[in-house]
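Each chain, written out:
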Amino acid sequence: MDIKRAVVTGGAGFIGSHIVDTLTAKGAEVLVIDDLSSGKRDNLPANVCLETLDVRADGVIPLMKEFRPDTVFHLAAQMDVRRSVDDPLFDCHVNVFGTVNVLTASLESGAQRFVMASTGGAMYGDVDIIPTPETVLPLPISPYGISKLCGERYVGYFNDNGLPGTVCRFGNVYGPRQDPHGEAGVVAIFGSRLLNGEPCTIFGDGTQVRDYIHVSDVASAFLAAAERPGGVFNIGTKVGTSVNELYAILADEAGVTDGPVYAPARKGELQLSTLDPGLAERTLGWKAKIGIEDGLRSYIRWLRENR
Ligand SMILES: NC(=O)c1ccc[n+]([C@@H]2O[C@H](COP(=O)([O-])OP(=O)(O)OC[C@H]3O[C@@H](n4cnc5c(N)ncnc54)[C@H](O)[C@@H]3O)[C@@H](O)[C@H]2O)c1
């Protein structure tokens with residue numbers, strides 16, 4: 001089914017704006033709902049309609065009923081793990097109540113598909129099976145992971161009750177327009193510091209491994225997920241990259257020969273997390289295309305031209 005009218009919540013943010021670009025390139029009419037708490041109008045093409053609104057607001061249901069989307073991409077979220085620890089109630093309001101509000105609006109406006117952005121790292125936590133498949137029981141320990149899991153379960157509930165829905169659990173997303181405060185902020189922080197000639201700090205010994213995925217691969221996964229509603233999919237590369245390796249590639253592309261500065265490890269940080277994307281590859285026909293080295297080097301080139 002072609003997407004003709006789509007709502008993208010959080011569409012003015014890093015990942016959401018790339019989904020908006022992909023949808024508009026395919027000729028879809030897009031309505032972005034974003035409170036601009038971290039997103040920017042400038043991330044969006046001028047012809048895309050932006051409603052500056054909190055996803056928890058009463059206005060979401062009448063707005064979406066008027067727009068009548070066929071597909072809804074839900075990315076608006078409180079996504080700062082540390083903030084979720086400091087203020088679990090706020091995190092729950094945005095990520096649980098906000099998600100149920102958007103699901104209700106989607107159902108009432110006659111949408112036929114719903115795709116939600118979720119997280120791999122915060123969902124599975126410290127597990128023995130690496131790369132981690134979706135069959136591993138999620139036991140999140142942070143309020144952020146818990147609220148995302150709750151949102152996922154609501155997507156499942158609505159899926160069984162009239163609104164076909166899919167969940168995409170991302171690895172650490174990086175690429176153009178990334179804000180240094182996001183979950184994978186390390187790429188953006190290091191990138192801008194390296195180009196500014198400032199030192200970069202690595203917390204711990206830099207051997208922490210994550211599954212970094214380029215934002216254009218995430219956008220294509222979202223579109224593929226909308227085609228095949230139902231289920232929960234890991235969207236990752238299976239490839240682990242340590243912070244030391246990541247720094248070495250970014251520094252090399254930036255032309256910096258100095259090493260990083262090391263500081264004490266942060267309490268509670270995961271040591272190893274990669275996602276097994278096999279289910280998405282088999283079911284959605286989706287596979288990440290951009291390797292980590294090419295992706296990081298192209299990000300530095302983008303940053304050089306756009307900062
Ligand atoms: N960046 C990552 O590595 C990563 C990894 C896993 C999951 N995710 C998920 O992907 C989604 C998008 O993340 P991102 O990296 O693009 O972050 P982002 O901060 O750039 O985007 C989030 C957008 O949501 C908007 N927003 C926040 N709260 C809102 C509210 N209450 N009402 C309306 N709009 C609101 C923000 O203004 C922003 O534009 C989130 O759901 C996040 O949990 C991101």
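Here, every reference points to the structure presented above.
Residues numbered from 1 in each chain as written. Predicted model: local features only at pLDDT ≥ 70, side-chain atom pairs only at ≥ 80, totals over all residues. Heavy atoms only, no water.

So, the nonpolar core
(1) Moving on: Counting residues in hydrophobic clusters, the biggest one holds 37 residues, and the most contacted among them are I15, I19, L23, F73, F170, F222 and I235.
(2) Moving on: Only β1 (5-9), α1 (14-25), β2 (29-34), β5 (113-119), β6 (165-170), α8 (215-227) and β11 (232-235) provide two or more residues apiece to this core.
(3) Moving on: If we skip the residues at most four places from it in the chain, I15 touches L75, F170, V173, V215 and V218.
(4) Moving on: Judged by nonpolar contacts, the second largest core, of 22 residues, contains V55, V60, A76 and L163. (Core = buried A, V, L, I, M, F, W, Y, C linked by side-chain atoms within 4.5 Å. Buried < 20%, exposed > 50% of the residue type's maximum accessible area, 1.4 Å probe, protein only. Helix = DSSP H or I, 4+ residues; strand = E, 2+ residues; numbered from the N terminus. Contact = heavy atoms within 4.5 Å.)

Looking at the pairing of strand β4 (residues 71-74)
(1) Moving on: Side chains of β4 alternate between two faces, with T71 and F73 and V72 and H74 buried alike.
(2) Moving on: Relative to β5, β4 runs parallel, the two sharing four bridges. Bridged to H74 within β5 is M116. (Pairing = 2+ DSSP bridges.)

Comments concerning the pattern of salt bridges
(1) Moving on: Tallied over the entire structure, the rule returns 13 salt bridges.
(2) Moving on: The closest approach of N and O atoms between R210 and E269, which form a salt bridge, is 3.7 Å. Here the residue R210 occupies a position in strand β9 (residues 209-210), and E269 occupies one in the loop between β13 (261-263) and α10 (278-283), the gap between them amounting to 59 residues.
(3) Moving on: The shortest N-O distance in the salt bridge between E281 and K287 comes to 4.0 Å.
(4) Moving on: Look at the salt bridges and you will find they share partners, linking D252, E253, E293, R297 and R301 into a network. (Salt bridge = Lys/Arg side-chain N within 4 Å of Asp/Glu carboxyl O.)

Concerning the site of the ligand
(1) Moving on: In the vicinity of the ligand there are 30 residues, among which D34, S38, L75, Y144 and K148 approach most closely.
(2) Moving on: About the coverage of the ligand: the protein hides 96% of its 820 Å² of free accessible area.
(3) Moving on: Elements supplying a minimum of two residues to the shell around the ligand: α1, β5, α6 (143-159) and β7 (172-174).
(4) Moving on: For the shell around the ligand, the element with the highest residue contribution is β5, accounting for three residues. (Near = heavy atom within 4 Å. Areas by Shrake-Rupley, 256 points an atom, 1.4 Å probe, with all protein chains shown as cover.)

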